[in-house]
Amino acid sequence: MAPAIELIGITKRFPGVIANDDVNLRVEEGEIHAICGENGAGKSTLMKILYGMQAADEGTMKIRGEEVSFSSPSEAIERGIGMVHQHFMLADQLTVLENVIIGAEPVKSGGRIDFENARAHLREVGDAYGLTIDPDDLVERLEVGERQRVEIIKVLYRGAKILILDEPTAVLVPQEVDELFRNMRDLRADGATILFIDHKLDEVLEIADTITVLRQGHTVATVKPDEVSAGDLAELMVGSELPTPQTTRSTVTDEVGLEVRDLTVLDDDERPVVEHVSVTVHRGEIVGIAGVEGNGQTELTDAIMGTRDAASGHIVLLGHDITTTSVRHRRQQGLGYVPQDRHREGLLLAAPLWENVALGHQTEPPYAHGPWLDRAGSKARTEEVREEFDVRTPNIDVAAHALSGGNQQKLIIGRELVANPSVLIAAHPTRGIDVGAQAAVWDAIRAARAAGMATLLISADLDELIGLSDTIVVMLRGSLVATLDPTDVTPRDLGAYMTGASLEEAS
Amino acid sequence: MITFTRLAQLPAWARWMLYAAAGIFVLTVVQGFDDTERLTTTSSSQAMLRWAVPIMLAGLGGLYSERAGIVNIGLEGMMVLGTWFGAWGAINYGPWWGLAIGALGGSFGGLLHAVATVSFGVDHIISGVAINVLAPGITRFLSSEILTGYDGGSITQSPRVPGVGRFTLPFFAGGNVGSWESPDLLGWVTKKDWFFLSDVTSLTRGLVAQISFATIIALAFVPLTAWVIWKTRFGLRLRICGEHPQSGESQGIDIYRYKYIAVTISGALAGLGGAIIVSPELSGIYQEGQTNGRGFIGLAALIFGNWRPGGIMAGSMLFGYPFGLGLRDLGGAGSHSLLLVNTIALALVLVWAVSRGRRVDAVLAGILGALAALWYFLSDTVPNWWINILPFVIVLVVLVFFSQRLRMPAADGQIYRRGET
Amino acid sequence: GNDDSTTDAGAGDGDSITVSLIYDIGGRGDQSFNDSAYAGALRAEEELGITFTEASPNDDGSNRAELLQLGADASDLVVAVGFLFEGDVAAVGAENPDTSFGVIDSVMLDFSQDPPVPYGENIAGTGFREEQGSFLVGAAAALKSESGKIGFIGGVSGVGGLIERFEAGYIAGAKAVNPDIEILSEYVTAAPDFDGFNAPDRGKEIGLAMYEDGADVVYHAAGGTGAGLFEAAKDHSDMANRVWAIGVDSDQYLTADPAVQEFILTSMLKRVDVAVYTFIKAVVDGTFTGGPTTYDLAIDGVGYSTSGGFIDDIVPQLEEFKAQIIAGDIVVPTVPE
Amino acid sequence: MNGTTRRVVLAVAAPVAALAFAIGLSSIVLLISGSNPLDAYGDMLKHASKLETQVDILNRATPLYLSGVAAAIGFRMNLFNIGVEGQYLFAFIVAAYVGGQVSLPAALHVTVIISVAMIVGGAYSGLAGALKVTRGVNEVISTIMLNAIAISGIVAWLITEWQAGGEISATGGRVGTEPIAGSGLLPDINSWLELVTRDIRQGKELTAVLLVAVAVGLLYHVLLNRTVFGFDLRASGMNPTAARAGGISPKRMIVASMVLSGAVAGLVGLPELMDTGFFPSNPIKGLGFAGIAVALLGRNHPAGIALGALIFAFLDISSGILQVTGAASREIVQIMQGVIILAAVVAYEVVRRIRERDEAASAAAALAVGAT
Ligand SMILES: Nc1ncnc2c1ncn2[C@@H]1O[C@H](COP(=O)(O)OP(=O)(O)OP(=O)(O)O)[C@@H](O)[C@H]1O
Ligand SMILES: Nc1ncnc2c1ncn2[C@@H]1O[C@H](COP(=O)(O)OP(=O)(O)OP(=O)(O)O)[C@@H](O)[C@H]1O
Ligand SMILES: [Mg+2]
Ligand SMILES: [Mg+2]
């Protein structure tokens, strides 16, 4: 029997980058086929080519033995291919039903959408898949896990037999991952073929029937999970041993860097999203905050940084109450910040690197002399950051958008650490960057910790959290529900706390 | 509080009827103080309609465009094209063709905007401004080439522009059935001069008596647009362009195509608005500079209406009423009464703000309301310039109180490029 | 006023006099003010054998002075149509003493001197007594009105009392016929918003309101806005009772569309054509002098039109008023009472 | 080397392409309307080569430039101050009135007039900024409304209140506010220009406000690029959330840039005020909207705006000579202005993309080098 999918010699170039270089891939009918690779290895690009969203420069694609070439996703959809993207493709202001049917709307005469028909069909698909969401709910009301299910339903609704899931587990806690994997197995039992992208090797080994590894746009290997260990896989991916965050000797001091006392923060609708949170970070200490996204971590960091008002409670920085002071004042007092979304909160994408390095510190030397900008000083400092943090760039006058994600992140970390902050708020400092850059970031944070920096670390990467932190607190629905010692906690335990499962067990 | 929640449970049409009735009631009571009937005459609602319709069409045009994610500040320019082409079409091919060609002229502006914003990724506002500069240049040139050759035409104006016919609803407003003149029910009640009831019928009659077919078509675009946007496949796909184009793209929808169509429709509606401005319904002639910022005001109506067809209609009426009234208000008494109406409206806002615990709104409403009241009681008439700017003031004040409750399409104004997810 | 430029061909050719006609914003084709000026120049071309060129300023009027200078470079006489040229003609005229300048609608007197003196010997002005012409059409309106109510629509208020002069004369004329007559009066906009001269839609709305309020004759002094008044007259006449509109500046019956012609009772004539012709003739005859010429009823500089024959029956009464005004028995006010 | 050449080519490509496109299209239009484009352009250029015309062009460009800078200050913050029109007319009349009421020594008098103009313009524009940050009112809409309110309302009212000499007699005289005494008026700066040229004839006066405009341009450049405040402003314009996290209060920046924009807008009426000495009942209008176009053409760059203002002024001035020589109908000028803008924004966008791609490619190349 012909394989479900066969990609032969796919090459795709972007300006300055070869995303896929002579990639070959063979996916058998009815298997779960994992694709692994570092960030930027070209996984998403390959999937987008398969899904008709991007056109390959070279190579052939065969679906069930038949050669195809897609100029738009609609042609892929016709062939029974469906894709769930790395980033959710849902319109918040549309209902679940509308989001699902778009592009495949049943219509009556005059272009009217046959909502009855659509609803019935959705119910059918949803029942089979175990969807319990009201189809008339607006997507903005859904939780992350629910959104992902809507994404998968979207694909199933079109009767796709070949499913592409691009990093579906990135936003899920372990328990949700289990649920997802159950569903995937069910789908496979119903005859679906699943292409599945994941960085997390244990997950890959658990679910995949076959694994293909990409490195820098090349296919390096196709293996069976029972033939390889996680270590082998990692080596295939990066060409060397996978680095892991290491806990080193404790450097925790008695001196309090940051103290949050009984802090409550309200959201835009005046509902409490952070409730009576107290946490203390000593100098030389890293306190990690674990939590499923949307449980108040963002609002907590916002409140500490001063971009959101505290409703009650206190924030004390090095003994000074900063609860009501401006962001600028806090920064001048020694608060550093690595935001969770570098494009939204961290960078001026259109501005040159040296202006980006000045951002956040622009009132102080060497970036400024009183009210005047010190361009020479800023540039010199930027060169320092570039050297010290290995930011790969042709020069410091290019705009920030020209850098790859990892280098952008190194630039941000560098800019914050070069200012020697006493307290650093680091939100997902290694999200979406490659292994090499990851290790560099960890090293930098550890070095600053040793030098006495107090760090509040928020991360969805539980290994990172456990590896780096001196203490871990778990945040659930706006409150801190547990304080844990990273030396004797596993990601699975953390997952239980994060979803509230362990609390229920305890009670 | 309880009444507020009850109100919210009513179907939309009933709620709007109730609001309208309440509004008319206020007008009825207030105009008694000033001894004028201007606020509730049939001709006032006719004037409101006349002034609201082009604005509404511009607003609906903006709706198509912005629902598809393209901000359209070029509506004004598209409307300008509509005035010229509308006049030229009507003069050469008759009034119906005038409307169609006016729309076509506007859609040309829309197409240009689409090319710049969709294909070239130019900032939407910048492209819009450019179109607003270009459009008067084009029409001026066309006038110099074409209109100057007409008897009575010149570089800035056209000969008389003929118009489409008018319609009067039989039985309610006394329209003809065949050649038989049917009874005029609303007119009859109006003549009875019953408190409130006659005011309602008088205003209602203005909406169904002697209204131009062009106006009927324009009004029909409101439910039509609502239907298209909410109920059809085309509408859903249009909305995904404005909410999350990448999502639509990944479902195989050609986002560019929908954006192009939407912005072109947008221009066509603005152009139709322009064609109606030159029609005898409003002017009966093309004159340069005639749109007078109505495209911009349509944009305001769009925002005021929260990117919804019904809201846009309400917003246009809110603008058209004081504008039409101000022009018709020869003695100035009606406009003077409007001050009191404003006071009452602001008092209602005050009540609302207090009930919601919105202190700043309450204080603002209180101050503005008090000022309006003070002015009302200290004067007998209002100056001409005040009448001229009242509509703008009203829109501004409304936005001051309700801007924060508005929600524009999530991807509106963002530059979308295919294949970038 | 020629320098090294090469555009002076034709100037001072002896028998062939050249004239630059510089219009108000909008230019020729307004079927009113500018067209009337054009007609005057055309007549001069035919009768006096002069040649003339035309130009209009940019929409914001920012290049009036330059046009005047260009005109001065190229011709013997520059005629500027409209009081907005006053300041610029005073300045450019002083720089080009060899060129004659004539300004329509401004007396071109320097009021900062006491008594006011002409800006220069080469700068002539015109003063139209619009209130006198308006008086006569006001009288016509009152004579024709059956309802005892008439209307006036002014384009822009606050332009130095210019449009108010039309209103004043109109009211006085109407009251002279019928002291109890009711006059509805509205201005479309106020300076600096000049849209009021160009807003047929607003003109129509105001016109409709006046007719519906019982006025059966409405006079406009609002330029392009007047087209809307004619529409209103037609609309109202179609739907209710027959009503009249009165035109302004030129004989608007002649230029209006046949569909609205029958509603134009008369027009207040402001003989811009005569003024332009007179300027040109003075240059040709070599009698051009600085200072104002007053165009009043006495020299038929203002008047009323009879096209359409709608007022043939009242012409004797109007002529009577005219005679009284010329004789000084009636002094027409210039500020509305 | 190649890279440098490429960068230079890219820098001039957009304006050149836009201009070429505009000229091409206008030529077609001219041909269609039966004129010879070469004659028309020839006349325009010949006219512009005269010193007196150049003075006219500079005089016309001055308010356009000021208006362009006013719009650009907003654009740099991603704010669309459509209200320059209303702001300058409002500022114009108040400055004229105040200037006509006081009698002061020359330098002080002029300073007072300029300050009043800037304060009024800034305050009126700041109102839109305040509405945006406190009430969430979109500034495009609010400034459009405020335009109408200023022009048809406030100024229309003030014009009657402040009419010189109360009621105006029926026989005329120019009308407006009380004329400003000589001490309040800037003299022309012909002598400055005459240092490098022959004498200026025909009584043309080069407005001294040109110097004010140059100063404004320099200040704009220094403020934006050399000060912390300017950095804050640009950062907020590029990415408000990142700016916020960087310690910049976006609300403050919004209000500040609207106020600054309005303050510069307040100067737009100055050339006319210094020329006539009072606020006339028919001031030059439309400069606010023209300024937006000029700012777009000049990419919000102080020198670019100057170029844009000069191009627009040149075209405006050309309308006169075209009528005199009859080489083409003057409408071509307006068409050219519209086409240039549209062509320029498209050309700039295309070039921006090419440049962005170049940068990304060079960054990726650096990455590859670093990796090996
Ligand atoms: N639209 C694009 N334009 C230019 N370069 C691109 C584009 N899309 C991807 N690339 C580049 O192509 C390479 C492969 O990217 P791709 O997104 O396929 O990686 P990936 O393996 O999915 O990484 P990740 O794990 O981060 O999702 C990267 O260097 C990326 O920067
Ligand atoms: N839409 C795009 N257009 C142009 N270039 C792009 C685009 N997207 C990505 N790139 C380029 O691809 C490179 C990597 O971008 P991306 O944000 O995908 O980083 P990444 O995959 O996270 O990289 P890394 O993992 O190496 O840090 C950069 O050089 C960037 O300029
Ligand atoms: Mg990536
Ligand atoms: Mg990917």
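Residues numbered from 1 in each chain as written. Chains lettered and ligands numbered in written order. Predicted model: local features only at pLDDT ≥ 70, side-chain atom pairs only at ≥ 80, totals over all residues. Heavy atoms only, no water.

Caption draft 1: Structural detail: a negative patch on the surface. A surface patch of negative charge is lined by Glu95(C), Asp188(D), Glu205(D) and Asp275(D). Tracing the backbone shows Asp275(D) in helix α12 (residues 270–276). You can call Asp275(D) exposed: its relative accessible area is 54%. (Patch = residues over 30% accessible without salt bridge, like charges linked within 9 Å, V, L, I, M, F, W, Y side chains within 5 Å. Areas by Shrake-Rupley, 256 points an atom, 1.4 Å probe, with all protein chains shown as cover. Salt bridge = Lys/Arg side-chain N within 4 Å of Asp/Glu carboxyl O. Lys, Arg positive; Asp, Glu negative; His and termini not counted. Charge placed at Lys NZ, Arg CZ, Asp CG, Glu CD. Helix = DSSP H or I, 4+ residues; strand = E, 2+ residues; numbered from the N terminus. Buried < 20%, exposed > 50% of the residue type's maximum accessible area, 1.4 Å probe, protein only.)

Caption draft 2: Just the pattern of salt bridges, in detail. Taken as a whole and judged by the stated rule, the model has 67 salt bridges over all chains. Note that Glu416(A) is salt-bridged to Arg415(A), the shortest N-O span being 3.1 Å. The burial state of Glu416(A) is the same as that of Arg415(A); both residues are buried. Asp313(C) is the partner of Lys144(C) in a salt bridge, and the nearest nitrogen-oxygen pair spans 3.1 Å. Note that Lys144(C) is positioned in helix α4 (residues 130–144) and Asp313(C) in the loop between β14 (302–304) and α11 (315–327), a separation of 169 residues in sequence. Assessed through its relative accessible area of 48%, Asp313(C) is described here as partly exposed. Via salt bridges that share partners, Asp105(C), Arg129(C), Glu130(C), Glu131(C), Arg165(C) and Lys270(C) belong to a single interconnected network.

Caption draft 3: Spotlight on the interface of chain B and chain D. Across the boundary between the two partners, chain B contributes 44 residues, which contact 42 residues of chain D. Overall, the association of chain B and chain D removes approximately 3,700 Å² of surface from exposure, summing both partners, and the carbon and sulfur fraction of that is 76%. Per-residue buried area on chain B facing chain D is highest for Phe141(B), Trp385(B) and Leu396(B); these three make up 16% of the total on that side. Here chain B is connected to chain D by two salt bridges. Glu331(D) serves as the salt-bridge partner of Arg140(B), at 3.4 Å between the closest nitrogen and oxygen. (Contact = heavy atoms within 4.5 Å. Buried area = accessible area lost by both parts, 1.4 Å probe.)

Caption draft 4: How the structure looks around the environment of Met17(B). Residue and element names in this part refer to chain B. Residue placement: Met17 occurs in helix α2 (residues 12–34). The class for Met17 is exposed, based on a relative accessible area of 56%. Distance from Met17 to Ile146, taken between C-alpha atoms, is 48 Å for residues 129 residues apart in sequence.

Caption draft 5: Quick peek at the pairing of strand β11 (residues 244–249) of chain C. Residue and element names in this part refer to chain C. When you tally the buried positions in β11, you get six out of six residues, the bulk of the element. Both strand β10 (residues 217–221) and β11 contribute to a ladder of three bridges, which runs parallel. Bridging across to β11, Tyr219 finds its partner in Ile246. With helix α7 (residues 226–239) bridging β10 and its parallel neighbour β11, the resulting β-α-β unit is right-handed. (Pairing = 2+ DSSP bridges. Right-handed = clockwise from strand over helix to strand, strands pointing away.)

Caption draft 6: Geometry of helix α16 (residues 359–378) of chain B. Under the 1.5 Å per step criterion, the end-to-end length of α16(B) is 28 Å for 20 residues, consistent within 8% with the ideal 28 Å. Taken residue by residue, α16(B) has Asp361(B), Ala362(B), Ala365(B), Gly369(B), Ala372(B), Ala373(B) and Tyr376(B) as its buried positions. Projected down its long axis, α16(B) carries its buried residues within an arc of 105°, all on one side. Facing away from the buried side of α16(B) by over 90 degrees, the exposed positions are Arg359(B), Val360(B), Leu374(B) and Leu378(B). Looking at the buried residues of α16(B), the elements they touch are α2, α15 (333–355) and α17 (384–402) of chain B together with α5 (106–135) of chain D. (Expected span 1.5 Å × (residues − 1). Arc of directions from axis to C-beta.)

Caption draft 7: Local environment of the sheet that holds strand β16 (residues 335–338) of chain A. All names here are of chain A. Strand order in the open sheet formed by six strands is β16-β19-β20-β13-β21-β22, and the pairing between neighbours is mixed. Strand pairing shows two members of the sheet lacking a second neighbour, β16 and β22 (479–484), which therefore form its edges. Taking the axes of each pair of neighbouring strands and ignoring which way they run, one obtains an average angle of 20° across the sheet. Note that strand β19 (residues 423–427) and strand β20 (residues 454–458) share five bridges and pair parallel. Across the sheet, Val423 pairs through a bridge with Ala454, a residue of β20. Strands β13 (286–290), β16, β19, β20 and β21 (471–476) of the sheet are contacted by helix α9 (residues 297–305), whose axis makes an angle of about 145° with β16. Along the sheet face, helix α14 (residues 405–417) touches β16 and β19 and points at about 175° away from the line of β16. (Axes fitted to C-alpha atoms, helices over the stretch in contact; angles between N-to-C directions.)

Read these as spatial facts, not as claims about activity.
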